[in-house]
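Take a look at the letters that make up each chain.
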Amino acid sequence: MSALTKLTKTLAHHCVKKSKTHWCKSSQPLLNLLISENIVNINTSQFHQYQSRRTLILDSASSESVQLQRLSDSDSGIIEVSLNRPAAKNALGTDMLRGLKHAFETISEDSSANVVMIRSSVPKVFCAGADLKERRQMSPSEIHFYVNTLRSTFSFLEALPIPTIAVIDGAALGGGLEMALACDLRICGEAALLGLPETGLAIIPGAGGTQRLPRLVGKSVAKDIIFTGRKVSGKDAMSLVKECHTAGLVNYYVPAGQAQLKALEIAQEINQKGPIAIRMAKRAITKGLEVDMASALELEEECYIETLHTEDRLEGLAAFAEKRKPKYTGT
């Protein structure tokens, strides 16, 4: 069964199959913005080529605000989750939450997926956080259920066995930042604005923000950001890495409009590596940090053994000897 058939079968009637590679109309506003603002160092022909090589995997009838797409040809292991709710700045309403949950579940069942990019199709915004207009209509019990679902969805994202990349070239606030924090890597452009403003609404971050942020930037910086609710620019987020000597909020900081292409560059590098090795590396790092060093080293050994008896390992050695690029299959 092909990967595309498997993916569409997973969601049954929620999926719409399209066999032809096409230009994604939802990305046209972003391209127009780049052109209109005369962004330098952007190769528009490269951008068009990249967009035209994306194939729709699913278009869930249960959510019009989330699309799941696969790149074609040599980049077919790269999966994109696109947020597209421009009228609400990609606010996390129940419809989008449902779409994200379906998308992450579908990715988890696709053995051919090697890396995931989460991006926005809406210019100048990644995700504005919770849909406060919708929230006002909810009872406390409904809000509790919603936040629990949001938290579990982001935990599911974090637990995906393959690398995940958040592409942030606009506002990532509240639940939007919490989703990015659940990713392995975060790539920010100059337009990025990061924050957890919940205390200004007399609540706290409830979808992992109070736990993942201090693990990335340290307890003191996390308290500052959460207590004050202040917004941090992409540049300031990058400086936190240098000041705190931690992984920080941001892995890469690039000029405005270039976060998407930088994320693609990183995704392509990951996609060229041995798929089983990447999965085992993520498992060893993530789980190893949860235990003592002796146990972590035992886990590393277990993960290494998983790569030892694979066809990909032999292919890597053969490619090195023959001075050619390896052709990994994930076996």
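Residues numbered from 1 in each chain as written. Predicted model: local features only at pLDDT ≥ 70, side-chain atom pairs only at ≥ 80, totals over all residues. Heavy atoms only, no water.

Per an unreviewed UniProt entry, the protein chain goes by the name Enoyl-CoA hydratase 2 and belongs to Citrus sinensis.

Asks: Whenever I open this one, the pattern of salt bridges confuses me. Can you help?
Replies: Evaluation of the coordinates by the stated rule reveals 10 salt bridges. Of the charged contacts in the structure, one is a salt bridge between Lys 282 and Asp 184, with a shortest N-O distance of 2.9 Å. Of this pair, Lys 282 sits in helix α12 (residues 275-288) while Asp 184 sits in the loop between α7 (175-181) and β8 (185-189); the two residues are 98 residues apart in sequence, bridging distant segments of the chain. When the shortest N-O distance is used, the salt bridge between Glu 315 and Arg 324 registers 2.6 Å. (Salt bridge = Lys/Arg side-chain N within 4 Å of Asp/Glu carboxyl O. Helix = DSSP H or I, 4+ residues; strand = E, 2+ residues; numbered from the N terminus.)

Asks: Help me understand the sheet that holds strand β10 (residues 232-233), please; the structure alone is not making it clear to me.
Replies: Backbone hydrogen bonds are what pair the strands of a sheet, in a parallel or an antiparallel way. The four strands are arranged β5-β7-β9-β10 in an open sheet whose pairing can be described as mixed. Looking at strand neighbours, the two that pair on one side only are β5 (125-127) and β10, the edges of this open sheet. Bridge analysis of strand β9 (residues 193-195) against β10 gives two bridges, and the strand direction is antiparallel. Bridged to Leu 194 within β10 is Val 232. (Pairing = 2+ DSSP bridges.)

Asks: Would you explain a negative patch on the surface in this entry?
Replies: A grouping of Asp 292, Glu 298, Glu 300, Glu 301, Glu 302 and Glu 306 is seen on the molecular surface, where their side chains present a negatively charged patch. Mapped onto the elements, Glu 298 comes out in helix α13 (residues 293-308). (Patch = residues over 30% accessible without salt bridge, like charges linked within 9 Å, V, L, I, M, F, W, Y side chains within 5 Å. Areas by Shrake-Rupley, 256 points an atom, 1.4 Å probe, with all protein chains shown as cover. Lys, Arg positive; Asp, Glu negative; His and termini not counted. Charge placed at Lys NZ, Arg CZ, Asp CG, Glu CD.)

Asks: I would appreciate a short explanation of the packing of helix α4 (residues 94-108) against helix α6 (residues 140-159) in the present structure.
Replies: Each pair of packed helices gets described by two things: the angle between the helix axes and the distance between those axes. Interhelical geometry of α4 versus α6 gives an angle of 25° and a closest axis separation of 10 Å. One element, α4, and the other, α6, form an angle in the roughly parallel class. For the element pair α4 and α6, the recorded crossing hand is left-handed. Between α4 and α6, the contacting residues are Thr 94, Leu 97, Lys 101, Phe 104, Glu 105 and Ser 108 on the first element and Tyr 146, Thr 149, Leu 150, Thr 153, Phe 156 and Leu 157 on the second. (Axes fitted to C-alpha atoms, helices over the stretch in contact; angles between N-to-C directions. Parallel < 35°, antiparallel > 145°, perpendicular 65-115°, else oblique. Left-handed = near helix turned anticlockwise from the far one by under 90°. Contact = heavy atoms within 4.5 Å.)

Asks: Mind showing me how you'd approach the packing of helix α8 (residues 209-217) against helix α9 (residues 219-228) here?
Replies: Packing of α8 against α9 leaves a shortest axis separation of 7 Å and a crossing angle of 135°. When the axes of α8 and α9 are compared, the pair comes out oblique. Of the two elements, α8 crosses α9, and the hand of that crossing is right-handed. Judged by residue contacts, Gly 209, Thr 210, Leu 213, Pro 214 and Val 217 of α8 engage Lys 219, Val 221, Ala 222, Ile 225 and Ile 226 from α9. Its residues assigned to classes, the contact of α8 with α9 shows seven nonpolar, two polar and one charged. (Nonpolar A, V, L, I, M, F, W, Y, C, P; charged D, E, K, R; others polar.)

Asks: Would you mind going over the layout of surface pockets with me for this structure?
Replies: The gaps of empty space that remain are located by a probe, the size of a water molecule, rolled over the atoms. Space inside the largest pocket adds up to approximately 1100 Å³. Mapped by element, the contributors of at least two residues to the lining of the largest pocket are α6, β8, α8 and α12. With nine residues, the top contributor of residues to the lining of the largest pocket is α12. Along the lines of polarity and charge, the residues of the lining of the largest pocket split into 16 nonpolar, six polar and 10 charged. Here the second largest pocket is characterised by a volume of approximately 570 Å³. Contributing to the lining of the second largest pocket are 20 residues, with Ser 74, Asn 114, Asn 271, Gln 272 and Tyr 328 lying nearest its centre. Elements with a contribution of two residues or more to the lining of the second largest pocket: α11 (259-271) and α12. Looking at the lining of the second largest pocket, the element that brings in the most residues is α12, giving three residues. (1 Å grid on protein atoms, 1.4 Å probe; cavity = no way out; pocket = protein on both sides within 12 Å on 5 of 7 lines; lining within 4 Å. Points joined across faces, edges and corners; volume = space filled by probe spheres on them.)

Asks: Just to check I follow, could you spell out α6 for this structure?
Replies: Residue pairs spaced three or four apart in an α-helix point in one direction, given the helix's 3.6 residues per turn. Here α6 is 20 residues long and its end C-alpha atoms lie 28 Å apart, about the 28 Å a rise of 1.5 Å per residue gives. Of all the residues in α6, the buried ones are Tyr 146, Val 147, Thr 149, Leu 150, Thr 153, Phe 154 and Leu 157. The buried residues of α6 occupy an angular sector of 160° when projected down its axis, which confines them to one face. Facing away from the buried surface of α6 by more than 90 degrees, the exposed residues are Pro 140, Ser 141, His 144, Phe 145 and Ala 159. Contacts made by the buried residues of α6 are with α4, β4 (115-120), α5 (132-135), β6 (164-168), α7 and α8. (Expected span 1.5 Å × (residues − 1). Buried < 20%, exposed > 50% of the residue type's maximum accessible area, 1.4 Å probe, protein only. Arc of directions from axis to C-beta.)

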